[in-house]
Amino acid sequence: MKNISDWIDNIIEDLVNPTIKLSDTLLKVQVLAFKIENEKLKEWTNLELHGYVGKEKPDYRKIPCNAQGNLIQNAGFQGVWTKNNTSLPVEYLDKKYWDPLMSIKMDSSVAELEKMVKDNGSYQVNIPHAVYSQFNKVLSPWVVDSAWLAISINSVEGILSTIKSTLLNFLLELNKEFGDNDNLSIMK
């Protein structure tokens, strides 16, 4: 099965090359999964390429986030006071809110994650309005006007790194089955 070993070698080279997008490498992995008829690899690759929307997300896609918000307070005749982009005190809420407001499982495709990192912007997910009332109880007299979960680009990079590492481990194990890990181009 020299052909399979060559495929694996080529994919590993792409995987460690920082100029090649992970989403492009995953397309090659998808072809490999069909060639070796590995259903688990087919499914995983497909989910990484298309995203986990409506599907169970792996633990490595769970990243910390920070609850942020814009607050307002009635100032009487002086109008309204505001506090913008303020950290919201999740730890003062009922514990059932802690996990959903302090971490998020990213369901985006690898291509979307790569674009987030490339654009180096700030990303956020809106907090449902129903949760505002919980914050309002502990922030009184301040009221939440808008709220979101701030997502760190470093955490998104961490997801991509974990996907690469997971895939590299799998490919090395697979190559051990089909070929010889000592003859990988990366080892030369």
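Along each chain, the written sequence defines residue order, and numbers are assigned to residues from 1. Side-chain atom pairs in this predicted model are given and counted only at pLDDT of 80 or more, local residue features only at pLDDT of at least 70, and totals for whole chains, interfaces and linings cover all residues. Neither water nor hydrogens contribute to the side-chain values; these are computed over all heavy atoms in the structure.

**Looking at the overall build of the chain**
So, step 1. By the criteria applied, helices consist of DSSP H or I runs no shorter than four residues and strands consist of E runs no shorter than two, each listed in order from the N terminus. For the chain, the helix and strand inventory stands at seven helices and five strands.
So, step 2. Ordering the α and β elements of the chain from the N terminus gives α-α-α-β-β-α-β-α-β-α-β-α.
So, step 3. The size measure is the radius of gyration over C-alpha atoms, and the globule rule it meets is 2.2 Å times the number of residues to the 0.38 power. For a compact globule of 188 residues, the expected C-alpha radius of gyration is about 16 Å, and the chain comes in at 22 Å, more than 25% above that figure.
So, step 4. Expressed along its principal axes, the backbone C-alpha trace of the chain runs to roughly 80 × 30 × 20 Å.

**With respect to the nonpolar core**
So, step 1. Here the nonpolar core consists of buried residues drawn from Ala, Val, Leu, Ile, Met, Phe, Trp, Tyr and Cys, with membership extended through side-chain atoms lying within 4.5 Å. Buried residues are those whose accessible area, probed at 1.4 Å on protein chains only, stays under 20% of the maximum for their type, while exposed residues exceed 50% and partly exposed ones sit between those limits. Core analysis: the largest hydrophobic core is formed by 48 residues, its most contacted members being Leu-32, Leu-101, Met-106, Ile-127, Phe-135 and Leu-171.
So, step 2. Going through the elements one at a time, α1 (2-16), α2 (22-36), α3 (39-50), β1 (62-74), α5 (110-119), α6 (129-139), β5 (143-151) and α7 (153-178) are the ones with two or more residues in this core.
So, step 3. Tallying contributions element by element places α7 first for this core, with eight residues.
So, step 4. Ignoring anything within four residues of it in the chain, the contact list for Ile-127 reads Ala-67, Leu-101, Tyr-132, Ala-147, Trp-148 and Leu-149. Throughout, a contact is declared for two residues whenever any of their heavy atoms are within 4.5 Å.

**Examining α5**
So, step 1. Those residues of α5 lying buried are Val-110, Leu-113, Glu-114 and Met-116. For α5, the buried positions fall inside an angular range of 155 degrees around the axis, keeping them on one side. Within α5, the exposed residues directed more than 90 degrees away from the buried face are Lys-115 and Lys-118.
So, step 2. Of the surrounding secondary structure, the elements contacted by the buried residues of α5 are α2, α3, β4 (123-126) and α7.
So, step 3. Two residues or fewer after α5 comes Asn-120, characterised by a positive phi angle close to 50 degrees. Read the arc as the range of directions from the helix axis to the C-beta atoms.

**A closer look at unusual backbone geometry**
So, step 1. The omega angle of the peptide bond from Ser-140 to Pro-141 is 15 degrees, so this bond is cis rather than trans.
So, step 2. Even without a glycine there, the phi angle at Asn-85 is positive, about 50 degrees.
So, step 3. Summarising the element assignment, Asn-85 is placed in strand β2 (residues 80-87).
So, step 4. The exposure class assigned to Asn-85 is partly exposed, which follows from its relative accessible area of 49%.
So, step 5. For Asn-120, which is not glycine, the phi dihedral falls at a positive 50 degrees.

So yeah, pure geometry; function would need other evidence.
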